[in-house]
Amino acid sequence: MKELDDTTTSYAILSHHWGPGPEEVNYEEMVGLMKMEEGEREEVKQRHGYQKIVKSCEQTVKDGYKWLWIDTCCIDKRSSAELSEAINSMYRWYQNAQICYAYLNDVSESTFPRRKDDNKFNESNGWPEWFVRGWTLQELIAPKEVKFFNKGWAPIGNKRRLATTLQVITGIPREVLTSGMVGKRLSVAQIMSWAAERKTTRVEDRAYSLIGLFGVNMPMLYGEGRKAFRRLQLEIIRESSDHSTFAW
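Residues numbered from 1 in each chain as written. Predicted model: local features only at pLDDT ≥ 70, side-chain atom pairs only at ≥ 80, totals over all residues. Heavy atoms only, no water.

> Explain the overall build of the chain to me, please; I cannot follow it from the model alone.
Of the regular secondary structure elements, the chain holds twelve helices and five strands. Scaling as 2.2 N^0.38, a compact globule of 248 residues should have a C-alpha radius of gyration of about 18 Å, and the chain matches this with 18 Å. Its C-alpha atoms give the chain principal-axis dimensions of about 55 × 40 × 35 Å. Burial status across the chain gives 49% buried among its 248 residues. Of all intrachain contacts in the chain linking residues separated by at least 6 positions in sequence, the fraction that spans at least 24 positions is 60%. A total accessible area of about 13200 Å² is found for the chain, and carbon and sulfur atoms account for 49% of it. Measuring between centres, the 35 positive side-chain charges of the chain sit 6 Å from its 34 negative side-chain charges. (Helix = DSSP H or I, 4+ residues; strand = E, 2+ residues; numbered from the N terminus. Rg over C-alpha atoms; globule rule 2.2 N^0.38 Å. Buried < 20%, exposed > 50% of the residue type's maximum accessible area, 1.4 Å probe, protein only. Contact = heavy atoms within 4.5 Å. Areas by Shrake-Rupley, 256 points an atom, 1.4 Å probe, with all protein chains shown as cover. Lys, Arg positive; Asp, Glu negative; His and termini not counted. Charge placed at Lys NZ, Arg CZ, Asp CG, Glu CD.)

> When you look at the nonpolar core in this model, what are you seeing that I'm missing?
The tendency in soluble globular proteins is for nonpolar side chains to be buried as a group. Formed by 52 residues in total, the largest nonpolar core has its most connected members in Phe 112, Ile 141, Phe 148 and Leu 232. Excluding residues that lie within four positions of it along the chain, Leu 232 makes contacts with Met 192, Ala 207, Leu 210, Ile 211, Val 216 and Met 218. (Core = buried A, V, L, I, M, F, W, Y, C linked by side-chain atoms within 4.5 Å.)

> I tried to follow the environment of Ser 244 on my own but got confused; where do I start?
For Ser 244, the location among the structural elements is in the segment after helix H12 (227–239). Separated by eleven residues in the primary sequence, Ser 244 and Gln 233 place their C-alpha atoms 9.9 Å from one another. Sequence-distant contacts of Ser 244, that is, excluding residues within four places in its chain, are made with Ser 187, Val 188 and Ala 189.

> Got a minute to help me understand the state of the cysteines in this structure?
Defined simply, a disulfide is a covalent bond joining two cysteines at their sulfur atoms. Applying the stated criterion across every chain, the model contains zero disulfides. Of all cysteine sulfurs in the structure, the one in Cys 74 sits closest to Cys 73, which takes part in no disulfide; the separation is 4.3 Å. Residue classification places Cys 73 among the buried residues on the basis of a relative accessible area of 8%. With no disulfide of its own, Cys 100 lies 13 Å from the sulfur of Cys 74, the closest cysteine sulfur. (Disulfide = S-S within 2.5 Å.)

> Explain the pattern of salt bridges to me, please; I cannot follow it from the model alone.
Any two side chains of opposite charge can pair, given that their charged atoms come close. Under the definition given, this model contains 13 salt bridges. Residues Glu 204 and Arg 202 are paired through a salt bridge, measuring 3.7 Å at the closest nitrogen-oxygen approach. Relative accessible area serves as the criterion here: at 4%, Glu 204 is assigned to the buried category. Salt-bridge contacts for Glu 224 lead to Arg 231; the nearest nitrogen and oxygen are separated by 2.6 Å. Residues joined in a network through salt bridges with shared partners are Glu 28, Asp 76 and Arg 78. (Salt bridge = Lys/Arg side-chain N within 4 Å of Asp/Glu carboxyl O.)

> Would you explain the sheet that holds strand E5 (residues 155–158) in this entry?
Note: strands within a sheet are paired through backbone hydrogen bonds, in either parallel or antiparallel orientation. Spatially, the five strands line up as an open sheet ordered E2-E1-E3-E4-E5, and their pairing is mixed. Two strands close off the open sheet at either side, each with one partner strand: strand E2 (67–69) and E5. Adjacent strand axes in the sheet meet at a mean angle of 25° when their direction is disregarded. Relative to strand E3 (residues 99–103), strand E1 (residues 11–16) runs parallel, the two sharing five bridges. The partner of Ile 13 across the bridge, within E3, is Cys 100. Against the sheet, helix H5 (residues 80–96) engages E1, E2 and E3, with an angle of about 120° to E1. (Pairing = 2+ DSSP bridges. Axes fitted to C-alpha atoms, helices over the stretch in contact; angles between N-to-C directions.)

Next comes the structure, spelled out in structure tokens:
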């Protein structure tokens, strides 16, 4: 394994909706893949999560990059210190990536969905599941370039060209989508509103997934439940005179 500086290395990064636990390939499995018994190794390679890694790597090479970062297999979650560092650095890692691949695993069509479809996406407000997950909010905003892929890994558009549609889906202003948050007069309440309808598996992640958007840092304390959001509010207040956070 090799550790690189995200400010001097050209790399791609993946954004995706995690599948059920057994479907993804974690750090320990990825590192130990070649040491596994053949049967165990083949089981890992058959997982949907492994195929995501392979396809992401293929796209990275195609785009001329040597390095790719994927959250499922690049963070050793057995280490609470590494996990905390990763979560506090996540926004910066997406921001510094040359390109972000957004994988929409529930879109089979060859074009990006332009209209709300409550029948097809009935559990995600009529849009692909990726758009209602908590962590993907910063993964949409932070990168300079986001390229969307459908279930079969065919490209279906990018953030800049789809900005008007993405504004309709997410409520994020077009100018934020095309040129980032720097220099924009955005209230805390406005940023919070972008996350209001999003979901996370762990309740604490509703707060942890927002720390990069607000430019704050805080330790991860899984098990604290809703207290995580109160701690986030306190950190925001320390950094900003905007008290619209109390609206949430």
